[in-house]
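Coordinate analysis (summary)
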Amino acid sequence: MLFQHHLRLLVMGLTKQYLRYVASAVFGVIGSQKANITYVTLRGGEKGRYVAVAACEHVFIWDVRKGEKVLILQGQKHEVTFLCPSPDGVHIAVGYEDGAVRIFSLLNGESNVSFNGHKSAVSVIHYDALGARLVTGSKDTDVIVWDIINECGLYRLRGHKDVITQALFLRDKNLLVTCSKDSFVKWWDLDTQHCFKTMVGHRSEVWGMVLLSQESRLLTGSADSELRAWDINYLEEAKAEGEPKVKKGKTLLDDDDEEDNKEEVDESLEERILTCEKAGSILREARDRVVSLTTDRHARVIACHGNDSVLELFTVLSEEEVQKKMTKKLKKAKKKATKAQEASGEETEEPVVKRMLKDEIIRLTNIKASSKIRWVDCLSCAGGELKVVLLLQNNTVETYSLKTSQKTPVADKTARLTLGGHRTDARTLAFSSDNLAVLSASGDTVKVWNRSTLQVIRTMACEYALCSLFVPGDRQIILGTKSGKLQIFELGSGSLLETVDAHDGAVWSICLAPDQRGIISGSADKTVKFWEFELVKDKETSQKRLTVKHKRTLQLEEDVLCVKFSPDHRLLAVSLLDCTVKIFYTDTLKFFLSLYGHKLPVLCLDISHDSTIIATGSADRNVKIWGLDFGDCHRSMFAHDDSVMFLQFVPKTHLFFTAGKDKKIKQWDADKFEHIQTLEGHHREVWCLAISPNGDHLVSSSHDKSLRLWERTREPIILEEEREMEREAEFEESLAKGDAPVVPGETQGEAAPAGKKTVETVKAAERIMEALELYKGETRKMEEHKYACESAGKELPPPQPNPILVAFGNVSPSRYVLDVIKKVRSSELEVSLLVLPFPYVPELLKLFNSYIQQGLEVELVCRCLFFLLKIHFGQISSNQMLLSVIDELRTNTLSKVREIRDVMGFNSAALQFLQREIESKEDVMFFADATGRLEEKKKKRRKRERAVLTIA
């Protein structure tokens, strides 16, 4: 026994323990380009103070006045692609890259409702006027309407052939209008889920669309400089007899005449709902396509921009203003006609002034932003003030304010969010020696961040930085730039101390000497230069400051991509453009080894703390591990699916991290040549990373503009489990990607079910199946017990209940099945039942009958019942065994639903009575439309008072 214990201890001692790194924070990103920007209100706060922007997979709510992040809506894995606040301002709908939609509360930042229906990225989201329905459009060309109150999908509308760019509900009619990159604008009747009109007046993609003038005008933006306007005329349904009835786009005619009359029916339906005619065009100043087109809430101001930095604002005049304008025009025309008549002495006709589109929509002003605009949102405030927020392409948010009532409005810049991120990608990172500060440098600025708070400590203007390091003592930093210079900054004052003309080409790499007395720099000018730190007297301040003095130069035959000292200061490794790594002795600069084997240049390398191993990462996607004693290749590993951009050893270990253009960061063991873990989170190429001196933190930078902090936990990684989890994730992904189950009798028409098969729906169906199996088992057990009691002629002790039922508080098996169904998300219920095999359905129908009789969850049970009857109608109706069950269900369901409806009607009437009572007592109005009705009453009272005064 003692021997076995010692053996176990020995094995544990020999087994290397790996610790898991997990995502800690995302910072450095102000607003991602993929999703729009929108104004939101927080806790009844000031209008126009808070904006919501996407930040990779999260949503940041910024207070633009303070320039602070006030709320983070946590995402999971996929990038945010669209944002839309609810009409009441309490919620925000967020669309993701994988087609999911989640609704967050702006009060606490939590998400309780999620919808899964699209196969690819959500491209547009809009609420209806009440905030009860949601329409989403996607890159998969489908439009889906969701019921937010019931948390389920209503229907999927098919018809477009390219990405949906806009989808709008009409306020008073149950209609929907959508536009797409397929150049069509489609009108949908939501009562019949049928496209009754397709507008084909555009020659290219329709990129944006807004409704104006109480939804009597449609304005569309396309790939040219025109904004096309269309007049909408809503018509009453024709009541003439003999017209064919239409349901779901099909005529209720004889089968022989169906095909011949289909086109006539569509035309008649279109004519009965609305007509849409072109009213003219507004010319934009920009010549390229419309990138985004939006209006304020009252549709009085139109904001539009292309791929440049100019935002064009137009205003829609009210009917009174247009009439005034037309009266003035007519007076002018009459004056002109009178003058002409006097000059010629002949009588002329009465002048007629035609109403043009330019009389109704006029240019307000242009706003010139500091960079190219990506998205815009505008908000009308009290006193005719218009607030505009712009998300720019360089990771900046700008806000402007202007008075629309002025004759020539001028936009004032009110805020600019720039401090929390770089304008361009951060290409180099470094940790300070005390693990507390992180340096990031981009094409124009270098920033120093506090690692624990993620706040910017210093921001300094610099040239295009490619490499960086902290000088020992952490008071200065040195940058290597694209122009071949070394820049030295003082952190205390945030000033540039010196710019040294070091090389004739880009400085790709700098490395601190192990003795900390100097640095080396490698450049595209084919040289490696050695520099020593020196303190010199500043001529201006007469105080000593740091500089670097050039000591020696190593001339090479190819461009230098990366340089590194061995920690024992004995060797120098230089990566060259000819795909080799040359090793030199540091003291004599004599050639020692050439490491060749990579097919493409080595972009990054590092040497282990004990100077025995060198790891090289290349553009050929491989990582090679070499011994530094003989230059032999220990192992070549396929590391990433694209170029390996950065490689660094974890201090005092033989573990190292690599970063690739495939968006991944991976950890490897250089002794066992094993892949330990993959850190996924970035959505674009990862340029570089830095590991803290104690190895507890890692920071990475990517083309998605984000910096990510990862931290080492105490949780050990077991490699077999890690691989198993990866395989499971792959299997689940493939499971969700399988063909969606087909509903018998459903045709592939314009309307289809909204949900889609996902891992969650498959798991929910499995849980229902398991619950039904448990129910059958328990029922069988009770029957056997009953039979045993009858055979024995006495009462036997009851069988032991299933442990699962005990865990759920000794619930009955039938109640357990209901609890399992209740736990399925409302938005996933139909698809879960669709996946359920038919042999389970008869048992479920019998259970539904008992639930309805007991009055348990009648609404949910009816929803499941009607769906199962719809999809399994053929099999259920042909099954003689189920006839009695269906007959019982019909009777029970009708009586129970009628009973519930009566209770609801009674309660509704009672609530309305109580409301009227309280209102009459306190003269207070309730609910959303109260203020509007109060204003109307006041106006009527004032009119009456005026009438009385005039009579008096």
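Residues numbered from 1 in each chain as written. Predicted model: local features only at pLDDT ≥ 70, side-chain atom pairs only at ≥ 80, totals over all residues. Heavy atoms only, no water.

Quick note on the threshold: UniProt positions are given in the numbering used here, feature names are shortened, and annotations may be inferred rather than shown by experiment.
As named in an unreviewed UniProt entry, the protein chain is WD repeat-containing protein 3, taken from Oreochromis aureus. In its Subunit (unreviewed entry) section, the UniProt entry covering the protein chain states "Part of the small subunit (SSU) processome, composed of more than 70 proteins and the RNA chaperone small nucleolar RNA (snoRNA) U3." Recorded under Subcellular location (unreviewed entry), the UniProt text for the protein chain is reproduced unchanged: "Nucleus, Nucleolus".

**Structural notes on the sheet that holds strand E14 (residues 164-169)**
So the rule is basically this: The pairing criterion for strands is at least two bridges between them, as found by DSSP. A run of H or I in DSSP becomes a helix once it reaches four residues, and a run of E becomes a strand once it reaches two; helices and strands are each numbered from the N terminus. Orientation is described by lines fitted to C-alpha atoms, with helices fitted over the stretch in contact, and by angles between N-to-C directions that extend from 0 to 180 degrees.
Read from one edge of the open sheet, four strands run E14-E15-E16-E17, paired in antiparallel fashion. The open sheet has two edge strands, E14 and strand E17 (194-199), and neither has a second partner. Neighbour-to-neighbour, the strand axes of the sheet open up by a mean angle of 20 degrees, direction not taken into account.

**Thoughts on empty space enclosed by the protein**
How we decide: For each structure, a 1 Å grid was placed over the protein atoms alone; sets of points admitting a 1.4 Å probe that cannot get out are labelled cavities, open sets with protein on both sides within 12 Å along at least five of seven lines are labelled pockets, and lining residues have an atom within 4 Å of a point. Grid points are joined across faces, edges and corners, and a volume is the space filled by probe spheres set on the points. Each residue is assigned to one of three groups, with Ala, Val, Leu, Ile, Met, Phe, Trp, Tyr, Cys and Pro labelled nonpolar, Asp, Glu, Lys and Arg labelled charged, and all others, Gly among them, labelled polar.
Enumeration according to the criterion identifies one cavity of 30 Å³ or more in this entry. When its volume is computed, the largest cavity comes out at roughly 40 Å³. Residue lining of the largest cavity: Gly28, Asn395, His422, Thr424, Asp425, Ala426, Ser701, Ser702, Lys705, Ser706 and Leu707, and that is the complete set. When grouped by side-chain class, the residues that make up the lining of the largest cavity number two nonpolar, seven polar and two charged.

**Concerning unusual backbone geometry**
In this model, Glu215 sits at a positive phi of 60 degrees, which is unusual for a non-glycine residue. Tracing the backbone through its elements, the reader meets Glu215 in the loop between strand E18 (208-212) and strand E19 (217-221). Positive phi values are uncommon outside glycine, yet Glu857 reaches one of about 45 degrees. With respect to the helices and strands, Glu857 occurs in the loop between helix H9 (841-854) and helix H10 (858-871).

**Concerning the side chain of Ser222**
For clarity, the threshold we go by: Counted as a polar contact is a pair of N or O atoms within 3.5 Å, where, for protein atoms, one must be capable of donating a hydrogen and the other of accepting one, and residues adjacent in sequence contribute only when both atoms are in side chains. Contacts are residue-level and defined by heavy atoms, with any inter-residue pair within 4.5 Å sufficient.
Mapped onto the fold, Ser222 is located in the loop between E19 and strand E20 (226-234). In this structure the side chain of Ser222 is engaged in a polar contact, spanning 3.1 Å, whose partner is the side chain of Ser204. Beyond its immediate chain neighbours, meaning those up to four positions away, Ser222 contacts His202, Ser204, Glu205, Trp207, Arg228, Arg289 and Val290.

**Details of the nonpolar core**
Operational definition: To form a nonpolar core, buried Ala, Val, Leu, Ile, Met, Phe, Trp, Tyr and Cys residues must be joined to one another through side-chain atoms within 4.5 Å. For each residue, the accessible area found with a 1.4 Å probe, counting protein chains only, is set against the maximum for its type, and the residue is called buried under 20%, exposed over 50%, and partly exposed in between.
In terms of nonpolar packing, the biggest core is built from 39 residues, with Val817, Ile821, Leu833, Leu844, Leu845 and Phe848 touching the most fellow members. Among the elements of the structure, helix H5 (759-792), helix H7 (813-823), helix H8 (829-835), H9, H10 and helix H12 (883-922) are those that each provide at least two residues to this core. Residues Ala93, Ile125, Leu134 and Val145 belong to the second largest nonpolar core, which totals 28 residues.

**A look at the environment of Cys56**
By secondary structure assignment, the location of Cys56 is in the loop between strand E3 (50-55) and strand E4 (58-63). Owing to a relative accessible area of 0%, Cys56 belongs among the buried residues under this scheme. A sequence separation of 650 residues divides Cys56 from Ser706, and the C-alpha atoms of the two residues are 7.7 Å apart. With residues near it in sequence (within four places) discarded, Cys56 still touches Ser32, Glu79, Val80, His683, Asp704, Ser706 and Arg708.

**Structural notes on the side chain of Ser183**
Mapped onto the elements of the fold, Ser183 is located in the loop between strand E15 (175-180) and strand E16 (185-189). Apart from residues no more than four positions distant in its own chain, Ser183 is found in contact with Met199, His202, Ser204, Glu205 and Val206.

**Observations concerning the pairing of strand E49 (residues 613-618)**
Most of E49 sits inside the fold, with six of its six residues counted as buried. What you see with E49 is no split at all: Ile613, Ala615 and Gly617 on one side and Ile614, Thr616 and Ser618 on the other are buried throughout. Direction of pairing for strand E48 (residues 602-607) relative to E49: antiparallel, over a ladder of five bridges. Across the sheet, the residue bridging to Asp606 is Ala615, located in E49. Where E48 folds back onto E49 in an antiparallel hairpin, the turn is made up of five residues, including Ser611, whose phi is positive at roughly 60 degrees. As paired elements, E49 and strand E50 (residues 622-627) share five bridges and run antiparallel to each other. If you follow Thr616 over to E50, its bridge partner there is Lys624. Where E49 hands over to E50, the hairpin turn is made up of three residues, of which Arg621 adopts a positive phi near 80 degrees.

**Section: the sheet that holds strand E57 (residues 697-702)**
To summarise the sheet geometry, strands pair through backbone hydrogen bonds and adopt either a parallel or an antiparallel arrangement. With antiparallel pairing, the four strands of this open sheet are ordered in space as E1-E58-E57-E56. The sheet terminates laterally at strand E1 (18-27) and strand E56 (686-691), the two strands that pair on one side only. Each strand axis lies, on average, 25 degrees off the axis of its neighbour in the sheet, ignoring direction. Pairing geometry for E56 and E57, over five bridges, is antiparallel. Across the sheet, the residue bridging to Ala690 is Val699, located in E57.

**Some thoughts on H12**
Convention followed: Any helix carries an expected span of 1.5 Å times its number of residues minus one.
When the terminal C-alpha atoms of H12 are compared, their 58 Å separation across 40 residues agrees well with the 58 Å that a helix rising 1.5 Å per residue should span. Among all positions in H12, only Val885, Leu889, Asn892, Thr893, Lys896, Gln915 and Glu919 are buried. On its buried face, H12 is in contact with H9 and H10.

**A closer look at the packing of H5 against H9**
Where we set the bar: Working rule for angles: under 35 degrees goes down as roughly parallel, over 145 as roughly antiparallel, 65 to 115 as roughly perpendicular, anything else as oblique.
One way to put it is that H5 packs onto H9 with a least axis distance of 11 Å and a crossing angle of 75 degrees. In terms of their interaxial angle, H5 and H9 are classed as roughly perpendicular. Between H5 and H9, the residues in contact are Leu772, Tyr775 and Lys776 and Glu843, Leu844 and Leu847, respectively.

**Here we look at H10**
Counting along an α-helix, one turn takes 3.6 residues, and residues three or four places apart therefore face a common direction. Its 14 residues give H10 an end-to-end C-alpha distance of 20 Å, which sits within 8% of 20 Å, the value for a rise of 1.5 Å per residue. Tucked inside the fold, the buried residues of H10 contact strand E13 (152-157), H7, H8, H9, helix H11 (873-877) and H12.

**Side note on the packing of H9 against H12**
So the rule is basically this: Each crossing is labelled by how the near helix is turned from the far one, with a counterclockwise turn of less than a right angle marking it left-handed and a clockwise turn marking it right-handed.
At their nearest, the axes of H9 and H12 sit 9 Å apart, and the two run at 30 degrees to each other. Classified by the angle their axes make, H9 and H12 are roughly parallel. The element H9 and its partner H12 pack so that their crossing is left-handed. Packed against H9, whose contacting residues are Leu845, Lys846, Phe848, Asn849, Ile852 and Gln853, the element H12 presents Val885, Ile886, Glu888, Leu889, Asn892, Thr893 and Lys896 at the interface. The residue makeup of the contact of H9 with H12, split by class, is six nonpolar, four polar and three charged.

**Describing the pattern of salt bridges**
We count it as follows: We count a salt bridge whenever a side-chain nitrogen from Lys or Arg sits within 4 Å of a carboxyl oxygen from Asp or Glu.
Tallied over the full model, the rule gives 37 salt bridges. Glu778 is the partner of Lys781 in a salt bridge, and the nearest nitrogen-oxygen pair spans 3.1 Å. Taken together, the residues Lys781 and Glu778, both in helix H5 and three residues apart, mark about one turn of the helix. A salt bridge links Arg863 to Glu830; the shortest N-O distance between them is 2.9 Å. With Arg863 in helix H10 and Glu830 in helix H8, this pair connects stretches of sequence that are 33 residues apart.

**Regarding a nonpolar patch on the surface**
This is how the line gets drawn: Excluding any residue in a salt bridge, patches collect residues exceeding 30% relative accessible area, merging like charges within 9 Å and nonpolar Val, Leu, Ile, Met, Phe, Trp and Tyr side chains within 5 Å. We get accessible surface area from the Shrake-Rupley algorithm with a probe of 1.4 Å; when it comes to residues, only the shown protein chains can shield them.
Taken together, the side chains of Leu911, Phe913, Leu914 and Ile918 present a nonpolar region at the surface, about 380 Å² in accessible area. Note on placement: Leu914 falls in helix H12.

**Considerations on the pairing of strand E29 (residues 385-392)**
In terms of burial, E29 is largely enclosed, as seven of its eight residues are buried. In the sheet, strand E28 (residues 373-381) pairs with E29 via eight bridges, with the strands oriented antiparallel. Counterpart to Trp375 in the pairing with E29 is Leu391. What sits between E28 and E29 in their antiparallel hairpin is a turn of three residues, with Gly383 showing a positive phi close to 75 degrees.

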